[in-house]
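Below, each chain spelled out in residue letters.
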Amino acid sequence: MAKLHITDREGVETVIEGEVGISVMENLRDNDYELEAICGGQCSCATCHIYIDDAWMAKIGARNDEENELLEELDCVQPNSRLSCQIEFTEDMDGLAIVIAPDE
Amino acid sequence: MTQTFIVVGAGHAGGQAVATLRSKGFDGRIILIGDERYVPYERPPLSKAVLAGELEVERTFLKKETWYPEKNIEFRPNTLVTKLDRKARTISTASGEVLGYDKLLLATGTRVRKLQAPGADLDNIFYLRALDDTLAIQRKMTPGTNVVIVGGGYIGLEVAAVAVKMGCTVTVLEGLERVMSRVVAPEVSAFYHHVHTDAGVVIKTGMAVTGFEGDGKVERVTCADDSVFAADLVVIGVGVLPNVELAAEGDLAVDNGIVVDEYGQTSDDNIWAAGDCTNHPNALLGRRLRLESVQNAVDQAKTAANAMCGELKPYSEIPWFWSDQYDLKLQIVGLSEPGDEVVIRGNPAERKFSALYLRHGKFVAINAINMIKDFMAAKKLIAEGKILDPDKAADAEIALKDM
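Residues numbered from 1 in each chain as written. Chains lettered and ligands numbered in written order. Predicted model: local features only at pLDDT ≥ 70, side-chain atom pairs only at ≥ 80, totals over all residues. Heavy atoms only, no water.

Trainee: Residues and numbers for the overall build of chain A, please.
Mentor: In terms of regular secondary structure, chain A is built from three helices and five strands. Taking the principal axes of its C-alpha atoms as reference, chain A extends roughly 30 × 25 × 25 Å. Within the span of chain A, comprising 104 residues, buried residues form 52% of the whole. For chain A, the proportion of contacts with a sequence separation of at least 24, taken over those separated by at least 6, is 63%. A total accessible area of about 4,500 Å² is found for chain A, and carbon and sulfur atoms account for 46% of it. Here chain A holds 6 positive side-chain charges and 25 negative ones, and the gap between their average locations is 4 Å. (Helix = DSSP H or I, 4+ residues; strand = E, 2+ residues; numbered from the N terminus. Buried < 20%, exposed > 50% of the residue type's maximum accessible area, 1.4 Å probe, protein only. Contact = heavy atoms within 4.5 Å. Areas by Shrake-Rupley, 256 points an atom, 1.4 Å probe, with all protein chains shown as cover. Lys, Arg positive; Asp, Glu negative; His and termini not counted. Charge placed at Lys NZ, Arg CZ, Asp CG, Glu CD.)

Trainee: Describe the pairing of strand β20 (residues 278-282) of chain B, naming the residues involved and giving the relevant values.
Mentor: Residues and elements named next belong to chain B. Burial within β20 is extensive, with four of its five residues counted as buried. Looking at chain direction, strand β18 (residues 258-259) and β20 are connected through two bridges and run parallel. Residue pairing for β20: Ile258 is matched across the bridge by Thr278. Adjacent in sequence and paired antiparallel, β20 and strand β21 (residues 287-289) are bridged by four residues, among which Gly286 carries a positive phi angle near 70 degrees. (Pairing = 2+ DSSP bridges.)

Trainee: Before we move on, can you summarise the packing of helix α3 (residues 65-72) of chain A against helix α8 (residues 372-384) of chain B with the specific residues and values?
Mentor: With their axes 8 Å apart at the nearest point, α3 of chain A and α8 of chain B run at an angle of 25 degrees to one another. Between α3 of chain A and α8 of chain B, the angle is such that the two are roughly parallel. In the crossing of α3 of chain A with α8 of chain B, the sense of the turn from one axis to the other is right-handed. Along the contact surface, α3 of chain A presents Glu66, Glu69, Leu70 and Glu72 of chain A, while α8 of chain B presents Ile372, Lys373, Phe375 and Met376 of chain B. Partitioning the contact of α3 of chain A with α8 of chain B into residue classes produces four nonpolar, no polar and four charged. (Axes fitted to C-alpha atoms, helices over the stretch in contact; angles between N-to-C directions. Parallel < 35°, antiparallel > 145°, perpendicular 65-115°, else oblique. Left-handed = near helix turned anticlockwise from the far one by under 90°. Nonpolar A, V, L, I, M, F, W, Y, C, P; charged D, E, K, R; others polar.)

Trainee: Can you explain the pairing of strand β22 (residues 320-325) of chain B? Please cite residues and give values.
Mentor: Residue and element names in this part refer to chain B. Across the six residues of β22, six count as buried, placing the element largely inside the fold. The alternating pattern of β22 places Trp320, Trp322 and Asp324 and Phe321, Ser323 and Gln325 on opposite faces, both of which are buried. The pairing of β22 with strand β23 (residues 328-334) spans six bridges and is classified as antiparallel. In the sheet register, Phe321 faces β23, and the bridge partner there is Ile332.

Trainee: Can you tell me about the environment of Gly61 of chain A, naming the residues and giving the values?
Mentor: All names here are of chain A. With respect to the element layout, Gly61 can be found in the loop between α2 (57-60) and α3. Gly61 sits in the partly exposed class, given a relative accessible area of 32%. It is 9.9 Å that separates the C-alpha atoms of Gly61 and Arg82, two residues lying 21 residues apart in sequence.

Trainee: Any details on the packing of helix α1 (residues 12-23) of chain B against helix α7 (residues 294-308) of chain B? Residues and values, ideally.
Mentor: All names here are of chain B. Following both chains from N to C, one finds α1 and α7 inclined at 35 degrees, their axes separated by 8 Å at the closest point. By crossing handedness, the relation of α1 to α7 is classed as right-handed. On the side of α1, the interface is formed by His12, Ala13, Gln16, Ala17, Thr20 and Leu21, while α7 contributes Val294, Ala297, Val298, Ala301, Lys302, Ala305, Asn306 and Met308. Considering only residue class, the contact of α1 with α7 consists of nine nonpolar, four polar and one charged.

Trainee: Break down the interface of chain B and chain A for me, with residues and values.
Mentor: Each partner contributes to the interface: chain B provides 28 residues, whereas chain A provides 26 residues. In terms of surface lost to chain A, no three residues of chain B exceed Arg59, Lys373 and Met376 of chain B, which account for 23% of the buried area on that side. Connecting chain B to chain A are 12 salt bridges. Those elements giving two or more residues to the side of chain B that touches chain A turn out to be α7, β22, β23 and α8 of chain B. Here the side of chain B that touches chain A gets seven residues from one element, more than from any other, and that element is α8 of chain B. Of the residues contributing to the side of chain B that touches chain A, the split by class is 11 nonpolar, three polar and 14 charged. (Buried area = accessible area lost by both parts, 1.4 Å probe. Salt bridge = Lys/Arg side-chain N within 4 Å of Asp/Glu carboxyl O.)

Trainee: A description of the nonpolar core should follow, citing residues and the corresponding values.
Mentor: The nonpolar side chains of soluble globular proteins are, as a tendency, buried together. Within the largest apolar cluster, 77 residues are counted, with the highest numbers of intra-cluster contacts made by Met141 and Tyr192 of chain B. What Met141 of chain B contacts, discounting residues up to four positions off in sequence, is Leu51, Val147, Val159, Ala163, Met166, Cys168 and Leu233 of chain B. In this structure, Cys39, Cys43, Ile50 and Met93 of chain A belong to the second largest nonpolar core, which totals 55 residues. (Core = buried A, V, L, I, M, F, W, Y, C linked by side-chain atoms within 4.5 Å.)

Trainee: Give a description of unusual backbone geometry that names residues and reports values.
Mentor: Residue and element names in this part refer to chain B. Positive phi, normally seen in glycine, also occurs at Met180, with a value near 50 degrees. With respect to the helices and strands, Met180 occurs in the loop between β11 (169-173) and α5 (186-199). Among the residues examined, Met180 registers a relative accessible area of 2% and is labelled buried. Despite not being glycine, Asn370 shows a phi value in the positive range, around 55 degrees. Residue position: Asn370 is located in the loop between β26 (362-369) and α8. On the accessibility criterion, Asn370 (17% relative accessible area) is buried.

Trainee: Tell me about the sheet that holds strand β19 (residues 271-273) of chain B, and name the residues and values.
Mentor: All names here are of chain B. Ordered by their spatial adjacency, five strands build an open sheet running β3-β2-β1-β7-β19, and the pairing between neighbours is parallel. Lying at the two open borders of the sheet, with one neighbouring strand each, are β3 (73-76) and β19. Pairs of neighbouring strands in the sheet enclose a mean axial angle of 15 degrees, with direction left out of account. Sheet strands touched by α1: β1 (4-8), β2 (29-33), β3 and β7 (103-106). Its angle to β2, the strand with the most contacts, is close to 170 degrees.

Trainee: Residue-level account of the pattern of salt bridges, with values.
Mentor: A complete count under the given rule lists 35 salt bridges over all chains for this structure. Of the charged contacts in the structure, one is a salt bridge between Glu17 of chain A and Lys3 of chain A, with a shortest N-O distance of 2.6 Å. A residue pair is termed long-range when its members are at least 10 positions apart, and Glu17 of chain A in strand β2 (residues 13-18) and Lys3 of chain A in strand β1 (residues 2-7) qualify at 14 residues. For Lys63 of chain B, the salt bridge is made with Asp32 of chain A, and the minimal N-O distance between the two is 2.9 Å. Here the residue Lys63 of chain B occupies a position in the loop between β2 and α2 (67-70), and Asp32 of chain A occupies one in the loop between α1 (24-30) and β3 (49-52), the pair thus bridging two chains. Owing to a relative accessible area of 8%, Lys63 of chain B belongs among the buried residues under this scheme.

Trainee: Explain the side chain of Thr79 of chain B to me, and be specific about the residues and the numbers.
Mentor: Residue and element names in this part refer to chain B. Note on placement: Thr79 falls in the loop between β3 and β4 (81-85). Relative accessible area serves as the criterion here: at 17%, Thr79 is assigned to the buried category. When near neighbours in sequence (up to four residues on either side) are disregarded, Thr79 contacts Ile33, Gly34, Asp35 and Thr93.

Listed below in structure tokens is the structure:
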């Protein structure tokens, strides 16, 4: 378990004990955050879009090619945009802060 | 007085519906009834990552098993609902239990179309609909196994891709003249035919399967043209049928699906339906339809659950789907029809192209193969009813969103 700081679409901040070894998207879904994640983590739909806290950008790493193509077409994409299904949550991400992006 | 909402069907729509009911603040009694032993789970990976053994069963669950009691949702697995009494506002289960409801959601989904042919009940003949089907097929799919797949649609071809990768000898028997013919243009069918053949899958089109032979378990598949295929394992994927019997016997309006309005409401004020089992209107498409898709199940379940909580937001989305085979990400938006003009963008030889479907110039559907940007742009353009110039659309150098 590791802490995950989440700001939801209403701007409410909460901290959860995230499960490591599964994706950030699965953690959000398991904890009832409003997020579509329709394709279930197949990098096919871009409905699990989040923003990564700038301080964590280097640690989280870069987008993969497919993810990049999906994100670039969104209206509310930012340099710190990621698809949460493509980030495996690990012990060394303890304290990671993310914001759930608006629904498009 | 606490209200009771019952959701019949624990698939994608049922799972989404109970989550939405609770997130909307409904604090009454929720009963979720499923005929399988699992909590609601993702179905698309069944013919892909789960079959290939790359995804653990638990990770397909929409919510963890512990989530249901935490949210005070009474989940009843292995339970078949056999009767709907609208007057008494009750449903009955196969075990004889009678449960009363204030509001009911039918998310009964579909079942596989069974092939009526001699020998179809032999061992090692499977259909792929549920998690247990996948696990059973997976156990039989060892290197060197002769796998015969009946049906060259999404399910059949996804299974073929996994099986050949696992070292099986794979034959696909398709009844029509080309694979995926119901959903894609001839150019796209030809491409997939070629990709599978290259991977070592034998595809036979125009094949009418007449029966299965073997001593206890299947050994051969016979066809109308007298050809015979050796088989250790048969997987049949020839479509699905909506589960409407409960609704029909309860005297709800049924017409190729449970008839609902744009809020998911049936012909009864206290009953809603969502997902693959519904015949619903879509204002963007300008017609009624029944859809077999995750997007529809999720979005329609939200609509219905919202309506059950008194919030009326009409459902109207351009349908979208996806299919993963090998390294190919096929993403589909909209519904094409025979007679649509087909425009190809990109290069099939590079395994990166799109087929755009134009109806009187209007962009109505796309099959994007490893063309993620086209898929994303198409979602917006198709919803807008964009008119495209076919020559310009064929130029992959021009971004679709800039048209």
